[in-house]
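Each chain, written out:
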Amino acid sequence: MPNMIREKYVRPYAQKYIFCPGCGHGIVQQAFARTIDRMGIKEDVGLVSGIGCSSYIPVFSNFDAIHSIHGRALAVATGLKLARPDKKVVVFTGDGDCTAIGGNHLIHAARRNIDLTVVMLNNNIYGMTGGQAAPTTPLGSTTKTSPHGNIEPTFDVAKLIIAAGATKVSRWTVAQPNQLEKAIEAAINHKGFSFVEVYSPCPVQAGRNILGDSNPWNMMQMYKDQGKVVKTLENFDYSEGKMPHGDFYHVTDRVDYSTALQNMKEKL
Amino acid sequence: MAKNNVIIEPKFCKGCMICIAACPKDVIGTSDVRSTSGHLVPQVLNVDACIGCMLCEKLCPDTCIEVQKGGAK
């Protein structure tokens, strides 16, 4: 008997994923499909993605989807949301797509607090193009473009977009699928810019070059052990060398962009 | 009869072995069967020990595993 999630939410031609063995992106796709299945809003969701491994998720999912250009997923999603404010727009993007090529779109979408759900799959490296150092590559890691160790400090994307004005931020790893599903559900229900960062193992590039272990399970546990699950970022102690994980930021005091635009239309 | 039923579909398996490591009760183990792409696929060894935590199904990146809770139907 086939898996019902795959039958219902994966397009027929993509039944065998193109992701490498052990890649965590399939887990995130499943977690998203399960969330939508539980919420029962399949027809009300539009997916947008840019370019990259993670951006294949909307292409393979049986939803209305736009596969847009590199880094511009959030710009396309902004237009889609403003044209159809009644629909839920979910953006799947990778770490390079989101923070390097589309970095400005990310901070401005967060500043406008537009009602989008952004799922950023962070694998610490440019996996598709052959393992170049990305803005999320840890300091000192050896990659194809930093053979003697990366000298650039890494982005803390969650802190960046909290400063830019996002209103809901979570960070999980693929080793915690139940928490990830709950975080995606809360992000879809939240009115405003909501951001879910998911650490996903890339055994072929990040495993070999950064973590030094290509076993997908060991990589998932390493990402999990890097973090400490917290409920709020206040008084978080970074001196232990751990990253905050969890649903740690949620404010409701800002009006979202679609509502502000509607209010302006009524006023004029 | 076993409380839960675990079905592994080897057609799309890429042999990443996440399910074997993820199972807390060692229900799933290695086998010498190969999938269509030539990877070694896992097999269900001890279905009676399954507690229905769904971790294997949720952590399989290629959606090859299905856990039927509440016995074989």
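In what follows, the accompanying structure is described.

Thresholds, definitions, all that
Residues numbered from 1 in each chain as written. Chains lettered and ligands numbered in written order. Predicted model: local features only at pLDDT ≥ 70, side-chain atom pairs only at ≥ 80, totals over all residues. Helix = DSSP H or I, 4+ residues; strand = E, 2+ residues; numbered from the N terminus. Rg over C-alpha atoms; globule rule 2.2 N^0.38 Å. Buried ≥ 20, exposed ≤ 12 C-beta atoms within 10 Å, placed from the backbone. Pairing = 2+ DSSP bridges. Core = buried A, V, L, I, M, F, W, Y, C linked by C-beta atoms within 7 Å. Axes fitted to C-alpha atoms, helices over the stretch in contact; angles between N-to-C directions. Contact = placed C-beta atoms within 7 Å. Nonpolar A, V, L, I, M, F, W, Y, C, P; charged D, E, K, R; others polar. Expected span 1.5 Å × (residues − 1). Arc of directions from axis to C-beta.

**A look at the overall build of chain B**
Each helix and strand in chain B was counted, giving two helices and four strands. Across chain B, helices and strands are ordered from the amino to the carboxyl terminus as β-α-β-β-α-β. Relative to the globule expectation of 11 Å for 73 residues, the C-alpha radius of gyration of chain B, 11 Å, shows essentially globular dimensions. Overall, the C-alpha framework of chain B stretches about 35 × 25 × 20 Å when taken along its three principal axes. The buried share among the 73 residues of chain B stands at 36%.

**Comments concerning the pairing of strand β3 (residues 40–44) of chain B**
Summarising the sheet, strand β2 (residues 28–34) of chain B and β3 of chain B pair through four bridges and their orientation is antiparallel. Paired with Arg34 of chain B across the strands is Leu40 of chain B, a residue of β3 of chain B.

**Looking at the nonpolar core**
Counting 89 residues, the largest nonpolar core has Val28, Val91, Val119, Ile184 and Val198 of chain A as its most contacted members. No other element matches helix α2 (residues 25–39) of chain A, which puts six residues into this core.

**Some remarks on the packing of helix α4 (residues 73–83) of chain A against helix α6 (residues 103–112) of chain A**
All names here are of chain A. The N-to-C vectors of α4 and α6 enclose an angle of 35°; their axes lie 8 Å apart at closest approach. Mapping the contact onto sequence places Leu74, Ala75 and Thr78 in α4 and His105, Leu106 and Ala109 in α6. Broken down by class, the residue content of the contact of α4 with α6 amounts to four nonpolar, two polar and no charged.

**Some thoughts on α2 of chain A**
All names here are of chain A. In a regular helix each residue adds 1.5 Å, so 15 residues correspond to 21 Å; α2 covers 21 Å between its end C-alpha atoms and thus fits that length. Here α2 has its buried residues at His25, Gly26, Ile27, Val28, Gln29, Gln30, Ala31, Phe32, Ala33, Arg34, Thr35 and Ile36. Positioned one or two residues after α2, Gly40 has a phi angle of 70°, which is positive.

**Remarks on the interface of chain B and chain A**
Each partner contributes residues to the interface: chain B has 17 residues there, and chain A has 19 residues. At the level of elements, α1 (18–22) and α2 (55–59) of chain B are the ones that each hand at least two residues to the side of chain B that touches chain A. In terms of residue class, the side of chain B that touches chain A is made up of nine nonpolar, three polar and five charged.

**Re α4 of chain A**
Residue and element names in this part refer to chain A. Of the positions making up α4, those classed as buried are Ala73, Leu74, Ala77, Thr78, Leu80 and Lys81. Relative to the axis of α4, the buried residues are bounded by an arc of 170° and lie together on one face. Next to the buried residues of α4 lie β1 (45–49), β3 (88–94), α5 (95–101), α6 and α11 (257–267).

**Things to note about the pairing of strand β4 (residues 117–122) of chain A**
All names here are of chain A. Buried residues dominate β4, accounting for six of its six residues. Of the two faces of β4, the one carrying Thr117, Val119 and Leu121 and the one carrying Val118, Met120 and Asn122 are both buried. Sheet topology note: the β3/β4 ladder contains five bridges and is parallel. Counterpart to Thr93 in the pairing with β4 is Met120. Bridging between β4 and strand β6 (residues 194–199) involves six bridges; their strand directions are parallel. Each bridged residue has a counterpart across the sheet, and for Met120 the counterpart in β6 is Glu197.

**What about the environment of Pro10 of chain B?**
All names here are of chain B. Mapped onto the elements of the fold, Pro10 is located in the loop between β1 (5–8) and α1. Using a count of 17 C-beta atoms within 10 Å as the deciding quantity, one classes Pro10 as partly exposed. Sequence-wise, Pro10 and Ala22 are 12 residues apart; in three dimensions their C-alpha atoms are separated by 18 Å. Beyond its immediate sequence surroundings of up to four residues, Pro10 is in contact with Val33, Ser35, Val41 and Cys64.

**Observations concerning the sheet that holds β3 of chain A**
Strand pairing within a sheet occurs via backbone hydrogen bonds; the two strands may be parallel or antiparallel. Residues and elements named next belong to chain A. Within the open sheet, the eight strands sit side by side as β2-β1-β3-β4-β6-β5-β8-β7. Their pairing is mixed. Edge positions in the sheet fall to β2 (64–67) and β7 (227–229), since each of these pairs with one other strand and no more. Between one strand axis and the next, the sheet turns through 25° on average, direction left out of account. Contacts between α4 and the sheet are confined to β1, β2 and β3, with β3 contributing the most and set at about 175° to the helix.

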